Amino acid sequence: MVPIKSSEITPEHIYLSRRKFLQAAGLLAANAALLAACGRQPVPLSTGTTTPGAVPALGEGTDELGNALTSLESVLGYANYYEFTLNPNGVARLAQGFSTSPWQVAVGGLVNQPKTFDIDDLRKFEQEERIYRMRCVEAWAMVIPWFGFPLSRLLKEVEPLSTAKYVRFETIYDPDNMPGQKDRSFPWPYVEGLRLDEALHDLTLLATGLYGQDLQPQNGAPVRLVVPWKYGFKSIKSIVKIDLVEEMPQSLWLVTNPREYGFWANVNPKVPHPRWSQATERRIGENGRRETLFLNGYADEVASLYPDLDSRDWYY
Ligand SMILES: Nc1nc2c(c(=O)[nH]1)N[C@H]1C(S)=C(S)[C@@H](COP(=O)(O)O)O[C@H]1N2
Ligand SMILES: [Mo]
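Residues numbered from 1 in each chain as written. Chains lettered and ligands numbered in written order. Predicted model: local features only at pLDDT ≥ 70, side-chain atom pairs only at ≥ 80, totals over all residues. Heavy atoms only, no water.

J.: A description of the packing of aromatic side chains should follow, citing residues and the corresponding values.
T.: Applying the stated criterion across every chain, the model contains 19 aromatic pairs. Seen in terms of ring centroids, Y231 and Y316 are 6.1 Å apart; in terms of plane orientation they differ by 15°. Their pairing is stacked. With a gap of 85 residues between them, Y231 in the loop between β9 (224–226) and β10 (239–245) and Y316 in the segment after α8 (299–302) connect regions that are remote in the sequence. A single burial state applies to Y231 and to Y316, both of which are buried. Considering the side-chain rings of W264 and W314, the 4.9 Å spacing of their centres and the 80° angle between planes classify their relative orientation as edge-to-face. Taken together, the residues W264 in the loop between α7 (252–256) and β11 (280–283) and W314 in the segment after α8 connect sequence positions 50 residues apart. The exposure classification of W264 matches that of W314, with both residues buried. Aromatic rings pair up to connect Y82, F186, W188, F233, W253 and Y261 into one cluster. In this arrangement the basic side chain of R133 is found over the ring face of Y298, its NZ or CZ atom lying 4.3 Å from the centre. Here the basic side chain of K234 rests over the ring of F263, its NZ or CZ set 4.1 Å away from the ring centre. (Phe/Tyr/Trp six-rings, centres within 6.5 Å; stacked < 30°, edge-to-face > 60°. Helix = DSSP H or I, 4+ residues; strand = E, 2+ residues; numbered from the N terminus. Buried < 20%, exposed > 50% of the residue type's maximum accessible area, 1.4 Å probe, protein only. Lys NZ or Arg CZ within 6 Å of the ring centre and 35° of its normal.)

In structure tokens:
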């Protein structure tokens, strides 16, 4: 496979994201007017403060809280992807050249219309840019301009049955090309899950790119999940299978170490990991530490998903 340099082309899905941005800006204005009429503050758009219609130039743009983007170099160079290696600085080199074409994602389980999508089918879903904070459970964090589309749109297309309560995701199993999968101490393939309402939430993204480029293998090419209010291990990479299921899925981490990496994994500075505090985090590219934000700063959008927010159960 000879990849075309992203700098040489403007893929169709980036043009589409521009159109989407204009729509989002219009919606935001309408939303603000409506809320002002009711005497309430508008909820900030999670798409950040980039100019409508533009993918931020390198080093420009912020998230909706004004946080600078993490550099492209760091996003590409520092990655967690245990299928390649446990060393975040070594993933990019080992994943270089990992073939992600052709690629299919089979969506099925408790649905009316099971369907297998080629990656080009997924790129036909209208793509938009989303600037999200990414918070690893190991207390490092980044601010990343993704592009992709809400998972809810894919799920609506397959028509979940009323018996479906959770969504189960699976990463590719390819030990010949993923050296970490030869390590039998993990129950490969990587599996993650969400409750159906979490999966349908508008913040939950299927990402196909970042910084205006297609995803690189180390970041989960060609398609990965991004769930910004949860610890990063929920945001499963290089997905080949999505199933609607009735029971809570057994994720790789639930099987391996449920006490430390549970199903819910919602970010909370007040609930320490069994082996370290979550009160602060290290933003890659910055000196010093920052305070961790409750639900990673997305509480206005997602707190209502969880009754009894004080219960510690939601956080591991
Ligand atoms: N398949 C798979 N997905 C994965 C991982 C992994 O090891 N394998 N690591 C997770 C962890 S721990 C984090 S923090 C994020 C990191 O995403 P990034 O490297 O693109 O920043 O990916 C998550 N998705
Ligand atoms: Mo992580």
